[in-house]
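Here's the letter readout for the chains.
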Amino acid sequence: MCGIAGVVDLSGKRSPSPNIIRSMAQAIFHRGPDEDGYLEVPGLAFTNRRLSIVGLADGKQPIFNEDRTIATVFNGEFFDYPEIKQKLESKGHRFATHCDTELIPHLYEDHQEGMLDTLEGQFGIAVWDSKRRRIILARDRMGICPLYYARVQYDGTDWLLFGSEIKAILASGMIDAAPDLLGINNLFTFFGVPGPRSCFKGIYALEPGH
């Protein structure tokens, strides 16, 4: 299953408290009981809770490219991992793990966000490009893997929060668990919440293929 979460200062100036990202990770412990991992750099923090399936011994996230300028946390599975890995290695990319997550930083090196057009699988992805100071969040075309986000004002700063589950965002303590009445209405009308609204005010689902 696995799960990801993160908090980003959109001004790029302040670093989130380590307690915040660890609370977010703990909230989705059930998605990945095998191990946790953290990326903490000025202005942002990512986390991953991992259920080890591919690359059992060496798939701890975040995972980087060769010079560690690109980092990713990932929830999902790539169906053509062996074939794509072989193609990347033939181009000179060096893999440090046996985990399908490592496709992401290498594909991003070659294609930037264009890599999303080539991915075959189910996924929720966060990528940090330290050279361009760019973050990408992405969800698979069918929306199999969930990904939620919120933009909040907290302690004088504009923050972006994201997570595989809403409870990870709420665990940050940076947004209140207030009801979104239209989202709740969708639940009772359609027996589901198709998005982008959720049942919580200010928290949205990243739509499939976005």
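Above this text is the structure in question.
Going along each chain's sequence as written, the residues are numbered from 1 onward. Thresholds applied to this predicted model are a pLDDT of at least 70 for local features of residues and 80 or more for the giving and counting of side-chain atom pairs; totals over whole chains, interfaces and linings are not thresholded and use all residues. Excluded from the side-chain calculation are hydrogens and water; included are all heavy atoms of the structure.

### Digging into the packing of aromatic side chains
Pairing of aromatic rings covers Phe, Tyr and Trp, the last through its six-membered ring, and needs centres within 6.5 Å; plane angles under 30 degrees mean stacked, over 60 mean edge-to-face, and all others mean tilted. Summed over the entire model, instances satisfying the criterion amount to four aromatic pairs. Look at Phe 78 and Phe 123: their rings are 6.0 Å apart centre to centre, the planes differ by 50°, and that puts the pair in the tilted class. Here Phe 78 is found in strand β5 (residues 70-78), whereas its partner Phe 123 is found in strand β6 (residues 121-129), with 45 residues between them in sequence. As far as the burial class goes, Phe 78 and Phe 123 line up, both buried. Across from the ring centre of Tyr 38, 4.2 Å away, lies the NZ or CZ of Arg 22, which sits over that ring. Either the NZ atom of lysine or the CZ atom of arginine qualifies as a charge over a ring when it sits within 6 Å of the ring centre and within 35 degrees of the ring normal. Of note, Arg 68 hangs over the ring of Phe 64, and the distance from its end group to the ring centre comes to 3.8 Å. Elements are defined by DSSP. Helices are runs of H or I of four residues or more, strands are runs of E of two residues or more, and each kind is numbered from the N terminus. Under the scheme applied here, a residue whose accessible area is under 20% of the maximum for its type counts as buried, over 50% as exposed, and between as partly exposed, the area being computed with a 1.4 Å probe on protein chains only.

### Focus: the pattern of salt bridges
Salt bridge, as used here, is a side-chain nitrogen of Lys or Arg placed within 4 Å of a carboxyl oxygen of Asp or Glu. Applying the stated criterion across every chain yields a total of 10 salt bridges. In this structure, the salt-bridge partner of Arg 14 is Asp 155, at a minimum N-O distance of 2.8 Å. One end of the pair, Arg 14, is in the loop between β1 (3-9) and α1 (18-27); the other, Asp 155, is in the loop between β8 (148-154) and β9 (157-163), with 141 residues separating them in the sequence. Residue Asp 155 is classed as exposed on the basis of its relative accessible area, which comes to 55%.

### Quick look at helix α3 (residues 103-111)
What α3 keeps buried is the set Leu 103, Ile 104, Pro 105, His 106, Leu 107 and Tyr 108. Phi turns positive one or two residues past the end of α3, at Gln 112, with a value near 50°.

### Describing the layout of surface pockets
A 1.4 Å probe that fits but cannot get out identifies a cavity on a 1 Å grid over protein atoms alone, an open set with protein on both sides within 12 Å along at least five of seven lines counts as a pocket, and a residue lines either if it has an atom within 4 Å of a point. Grid points are joined across faces, edges and corners, and a volume is the space filled by probe spheres set on the points. There is about 270 Å³ of room inside the largest pocket. The wall of the largest pocket is formed by 19 residues, among which Cys 2, Leu 51, Ile 53, Gly 76 and Glu 77 lie closest to the centre. Considering each element in turn, the lining of the largest pocket owes the most residues, four residues, to β5. Ten residues, namely Ala, Val, Leu, Ile, Met, Phe, Trp, Tyr, Cys and Pro, are considered nonpolar, four, namely Asp, Glu, Lys and Arg, are considered charged, and the remaining ones, Gly among them, are considered polar. Within the lining of the largest pocket, the residues separate by chemical class into 10 nonpolar, five polar and four charged. Here the second largest pocket defines a volume of roughly 170 Å³. As for the second largest pocket, its lining consists of 13 residues, of which Ile 84, Lys 87, Leu 88, Leu 107 and Thr 118 are closest to the centre. Contributing elements (two or more residues each) for the lining of the second largest pocket: α2 (81-90) and α3. Top element by residues in the lining of the second largest pocket is α3. It accounts for four residues. Of the residues that constitute the lining of the second largest pocket, the class distribution is six nonpolar, two polar and five charged.

### What about the pairing of strand β2 (residues 35-41)?
Where β2 lies against strand β3 (residues 44-50), seven bridges are found, and the strand directions are antiparallel. Within the sheet, the bridge partner assigned to Asp 36 lies in β3 and is Arg 49. Count of turn residues in the β2/β3 antiparallel hairpin: two residues, of which Gly 43 carries a positive phi of about 100°. Should DSSP find at least two bridges between two strands, the strands are regarded as paired.

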